[in-house]
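Tertiary structure, described
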Amino acid sequence: MRGHGQRNGPGWSVRTLPNKFPILVSEAPRAGMERALSPDRRPALGTSEVIVDTPEHDLAPWELGPGQVKEMLAMYQERIQALAKEGRTSYVHLIRNHGTGAASSLEHPHSQLFGLPFIPPTIDAELDGFVSAHPGEAGCVLCDIVRDEEETGTQLVMTSENFVVFCPFASRLPYETWVVPRRHQLRFEKCRELDDLAEVFTDVLMRFKERLNDPPFNYWVHTYPVSGESRPFHWHIEILPRLTVPGGLELGAGVWVNTVPPEEAAALLR
Ligand SMILES: [Zn+2]
Ligand SMILES: [Zn+2]
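The paragraphs below set out a description of the structure included in this document. (Residues numbered from 1 in each chain as written. Chains lettered and ligands numbered in written order. Predicted model: local features only at pLDDT ≥ 70, side-chain atom pairs only at ≥ 80, totals over all residues. Heavy atoms only, no water.)

As for the pattern of salt bridges
Stated formally: A pair is scored as a salt bridge if a Lys or Arg side-chain nitrogen falls within 4 Å of a carboxyl oxygen belonging to Asp or Glu. The helix count covers DSSP runs of H or I at least four residues long, the strand count covers runs of E at least two residues long, and both are numbered beginning at the N terminus.
Evaluated as defined, the whole model comprises 13 salt bridges. Across the pair Arg172 and Glu238 runs a salt bridge, and its minimum N-O distance is 2.8 Å. You can see Arg172 sitting in the loop between strand 6 (163–166) and strand 7 (177–181) and its partner Glu238 sitting in strand 9 (residues 236–241), a full 66 residues away along the chain. What emerges from the salt-bridge pattern is a single network uniting Asp124, Asp128 and Arg231.

So this is what it looks like as structure tokens:
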């Protein structure tokens, strides 16, 4: 740990605070609920937290340094485990928005945590995707992709002892990049290779800055839902530079038009 303090104590290096403008609260108002026509309506119950990545005010994500990034990742893991113990949360979503083009609202380096009382649709679809890639048999599509990338390298950005970084097939936006552990593992919060992950993550963000000219970006951790372990999954981090603005086709039909093929994107970031 850098500095003298505990993670959430005096002289802190990374700390967690309740979000001042929460979209999810522990006692949600039910106003308007009776008017909702969907059977799937529910109050915005849950947890909104801000994770302050560093006490220093002006650092860009690639300037935090691997030591501080490791502290931040360790805090992500701690908060997932703490919310899992509380028992009210189904999924913990951890994100960072960087730059005004990526919905960042606060200058000080920070990540956000959303403790959701349901499994979000994107995770649900990914869980289904793991099953349909290996119907009725054991196997993991992300392990397949990692193996394939290591063999062919056409969409590979970089590798380390424990991680593989690549631009995925059918990327939604130009330069979409995934960081995936080589070792098959359901849960991000169980990852013990944080030193390596922090080095890799810093390196990738530095490449974004240098080769894509400091783009706004979003990243998020995709990990297994809080409870149960019956479905196949393989945790990963997705990073989306925001160089183009999704339009009516993307938002209205869920059809993503990407003008930079992942092979070209990977070649630039390599
Ligand atoms: Zn796997
Ligand atoms: Zn994912």
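Okay, back to it.
Considering the coordination of the zinc ion (ligand 1)
Using the following cut-off: In this description, a donor is an N, O or S atom within 2.8 Å of the metal centre, a cutoff extended to 3.2 Å for sodium, potassium and calcium. Water is not part of the atom list, which can make sites seem incomplete.
Protein coordination of the zinc ion (ligand 1) is provided by Cys140 (SG), Cys143 (SG), His184 (ND1) and His234 (ND1), with donor distances spanning 2.0 to 2.3 Å. Here the donor residues of the zinc ion (ligand 1) are spaced in sequence according to C-x2-C-x40-H-x49-H. With Cys140 in the loop between helix 2 (121–133) and helix 3 (141–152) and His184 in the loop between strand 7 and helix 4 (194–211), this pair connects stretches of sequence that are 44 residues apart.

A look at the side chain of Glu189
Put simply, the test is: The rule is simple: take the accessible area with a 1.4 Å probe, protein chains only, and divide by the maximum for that residue type; under 20% is buried, over 50% is exposed, in between is partly exposed. Under this definition, polar contacts are N or O atom pairs within 3.5 Å; protein pairs additionally need one hydrogen-donor-capable and one acceptor-capable atom, and for neighbouring residues in sequence, both atoms have to be side-chain atoms. Note on contacts: a residue pair qualifies if any of its non-hydrogen atoms lie within 4.5 Å across the two residues.
Of note, Glu189 is situated in the loop between strand 7 and helix 4. On the basis of relative accessibility, which here comes to 5%, the residue Glu189 falls in the buried class. Separated by 3.0 Å, the side chains of Glu189 and Thr223 make a polar contact. The contact partners of Glu189, leaving out residues within four places of it in the chain, are Gln77, Ile80, Gln81 and Thr223.

A look at the coordination of the zinc ion (ligand 2)
On the protein side, the zinc ion (ligand 2) has Glu126 (OE), Glu126 (OE), His222 (ND1), His236 (NE2) and Glu238 (OE) as donor atoms, found 1.9 to 2.5 Å from it. Going along the chain, you hit the donors of the zinc ion (ligand 2) in the pattern E-x95-H-x13-H-x1-E. Its relative accessible area of 0% is what places Glu238 among the buried residues.

With respect to the packing of aromatic side chains
Which entries qualify depends on this criterion: Centres within 6.5 Å make a pair out of two Phe, Tyr or Trp rings, where for Trp the six-membered ring is used; the pair is then stacked when the planes are under 30 degrees apart, edge-to-face when over 60, and tilted otherwise.
Overall, the coordinates contain 10 aromatic pairs when judged by the stated rule. Seen in terms of ring centroids, Phe163 and Trp235 are 6.2 Å apart; in terms of plane orientation they differ by 65 degrees. Their pairing is edge-to-face. Of this pair, Phe163 sits in strand 6 while Trp235 sits in the loop between strand 8 (217–222) and strand 9; the two residues are 72 residues apart in sequence, bridging distant segments of the chain. When its relative accessible area of 0% is taken as the criterion, Phe163 is described as buried. Residue class for Trp235 comes out buried when judged on its relative accessible area of 0%. Put simply, the rings of Trp62, Phe201, Phe208, Phe217 and Tyr219 touch in pairs and so form one group of aromatic residues.

Overview of the sheet that holds strand 2 (residues 47–52)
Two modes of strand pairing occur in sheets, parallel and antiparallel, and in both the strands are linked by backbone hydrogen bonds. This is how it is decided: Two strands pair if DSSP finds at least two bridges between them. Note on definitions: angles span 0 to 180 degrees between N-to-C directions of axes, and those axes are lines fitted to C-alpha atoms, for helices only across the stretch in contact.
The strand order across the open sheet formed by nine strands is 1-2-4-3-8-9-7-6-5, and the pairing between neighbours is antiparallel. Edge positions in the open sheet fall to strand 1 (15–18) and strand 5 (156–159), since each of these has one partner strand only. Pairs of neighbouring strands in the sheet enclose a mean axial angle of 20 degrees, with direction left out of account. Inspection of the sheet shows strand 3 (residues 91–98) paired to strand 8 by five bridges, in the antiparallel sense. Across the sheet, the residue bridging to Arg96 is Tyr219, located in strand 8. Strand contacts of helix 2: strand 3, strand 8 and strand 9, with the helix running at about 55 degrees to strand 8, the strand carrying the most contacts.

Details of helix 2
Quick reminder of the rule: Here, expected helix span is obtained from the residue count minus one, scaled by 1.5 Å. Working note: the arc is built from the helix axis to C-beta atom directions.
With 13 residues, helix 2 should reach 18 Å at 1.5 Å per residue; the first-to-last C-alpha distance of 18 Å fits that figure. Considered for burial, the residues of helix 2 that qualify are Ile123, Glu126, Leu127 and Phe130. Projected onto a plane normal to the axis of helix 2, the buried residues spread over an arc of 100 degrees and lie on a single side. Opposite the buried face of helix 2, by more than 90 degrees, sit the exposed residues Pro121 and Ser132. On its buried face, helix 2 is in contact with strand 3, helix 3, strand 8 and strand 9.

Concerning the pairing of strand 4 (residues 110–116)
Burial analysis of strand 4 places seven of its seven residues in the buried class, the great majority of the element. The two faces of strand 4 match: His110, Gln112, Phe114 and Leu116 on one face and Ser111, Leu113 and Gly115 on the other face are all buried. Two elements, strand 2 and strand 4, share six bridges in a ladder whose sense is antiparallel. Within the sheet, the bridge partner assigned to Val52 lies in strand 4 and is His110. As paired elements, strand 3 and strand 4 share five bridges and run antiparallel to each other. By the bridge assignment, Tyr91 is partnered in strand 4 with Leu116.

Some thoughts on a nonpolar patch on the surface
Quick reminder of the rule: To count toward a patch, a residue needs a relative accessible area above 30% and no salt bridge. Like charges then connect within 9 Å, nonpolar side chains (Val, Leu, Ile, Met, Phe, Trp, Tyr) within 5 Å. Note on areas: Shrake-Rupley with a 1.4 Å probe; residue coverage comes only from the protein chains shown.
Nonpolar side chains collect at one region of the surface, where Leu249, Val255 and Val257 lie side by side and expose about 230 Å² of accessible area between them. Within the secondary structure layout, Val257 lies in the loop between helix 5 (248–253) and helix 6 (262–269).

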